[in-house]
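# Results of the structural survey
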Amino acid sequence: MTAAPVASSADLLATIVAATKRIVAIRMEREPLSALARRAESSAIRPGAFRAALSRADRPNIIAECKRRSPSRGVLRANYDPVSIARSYEAAGAAAISVLTEPTFFDGAIEHLTAVRAAVATPLLRKDFIVSEYQLLEARASGADAILLIVAALTRDELAALFSGARALGLDTLIEVHNADELSLAIEVGADVIGVNNRNLRTLTVDVEASERLIAHMPAHVVAVSESGLTSAADLQRLRRLGYHAFLIGERFMTAVDPGAQLADLLERSA
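Structural notes, computed from the coordinates.

What counts and how
- Residues numbered from 1 in each chain as written.
- Predicted model: local features only at pLDDT ≥ 70, side-chain atom pairs only at ≥ 80, totals over all residues.
- Heavy atoms only, no water.
- Phe/Tyr/Trp six-rings, centres within 6.5 Å; stacked < 30°, edge-to-face > 60°.
- Helix = DSSP H or I, 4+ residues; strand = E, 2+ residues; numbered from the N terminus.
- Buried < 20%, exposed > 50% of the residue type's maximum accessible area, 1.4 Å probe, protein only.
- Pairing = 2+ DSSP bridges.
- Right-handed = clockwise from strand over helix to strand, strands pointing away.
- Axes fitted to C-alpha atoms, helices over the stretch in contact; angles between N-to-C directions.
- Contact = heavy atoms within 4.5 Å.

## Thoughts on the packing of aromatic side chains
This structure, assessed with the given rule, holds two aromatic pairs. With 6.1 Å between their ring centres and 35° between their planes, Phe-106 and Phe-129 make a pair best called tilted. Remark: Phe-129 occurs in the loop between strand 5 (124-127) and helix 7 (133-141) and Phe-106 occurs in helix 5 (residues 103-106); sequence separation between them is 23 residues. For Phe-106, a relative accessible area of 10% puts it in the buried group.

## Re the pairing of strand 8 (residues 193-197)
Within strand 8, five of the five residues are buried, which leaves the element mostly enclosed by the surrounding structure. For strand 7 (residues 172-177) and strand 8, the ladder comprises three bridges, and the chain directions are parallel. Across the sheet, residue Ile-175 finds its bridge partner in strand 8, namely Ile-194. Of the crossover connections in this fold, the one passing from strand 7 over helix 9 (residues 180-189) to the parallel strand 8 is right-handed. As paired elements, strand 8 and strand 9 (residues 223-227) share five bridges and run parallel to each other. The partner of Asn-197 across the bridge, within strand 9, is Glu-227. Crossover connection from strand 8 via helix 10 (residues 209-214) to parallel strand 9: handedness right-handed.

## A closer look at the sheet that holds strand 5
Strand order in the closed barrel made by the eight strands is 1-4-5-6-7-8-9-10, with parallel pairing throughout. Put simply, the sheet's adjacent strands are angled 25° from each other on average, direction ignored. Packed on one face of the sheet, helix 11 (residues 233-242) meets strand 1 (61-66), strand 9 and strand 10 (246-249) and runs near 145° to strand 10.

Put into structure tokens, the structure is as follows:
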């Protein structure tokens, strides 16, 4: 696959969202929404499984990510096999597994999610730029337990509608924020799992202090997740003390020779 050119940092998020909408329109031509809805209805669901997996207090809860490339670093893993990676994560003790399904900028595919679901029992997060009901149905039909909603990519009404639609389908939702205004919106729509992305999706800069700043504004009932830029056991230990329940980590594992072994080592040193 030829990698898409990286947009300038100022419009990267908007570029990815626009590309996603075009891709969804193409997929809808191949499988109409009504047919996808029937397929989704026949798939098994485990409402609450993802949230429960991130809520355990007896361990560092890591969402280990499967992704081939990223806009910030390019190809992370040339020999990319999401099924074998997911199996290694499950064996190492991942609380959940995130599977990138965005094709243009991350070399993901919805088929990766389907294949991983057939291989592991660990709760799965569909990691993508979700902008439509169609993608929610795809997530359920492909075996996801949860989907990601990025506040910066959606209007308030879109966020509320997609959050409600996911809940109606039995999907948990990780709502991703980067600043206090986005956190307020996530809380307003009823989010109960909120991720603070330390990487600004518009500039790609990483600031782990974003997690430190926003935890004070996180409601007690919310499962708080810190995402991106986490590289050490000390990072996880510090953020757990501040009140984070879970951590989404991808690039550190994807660039390791053995992602599962890297996860197991991090879990052991973070306990």
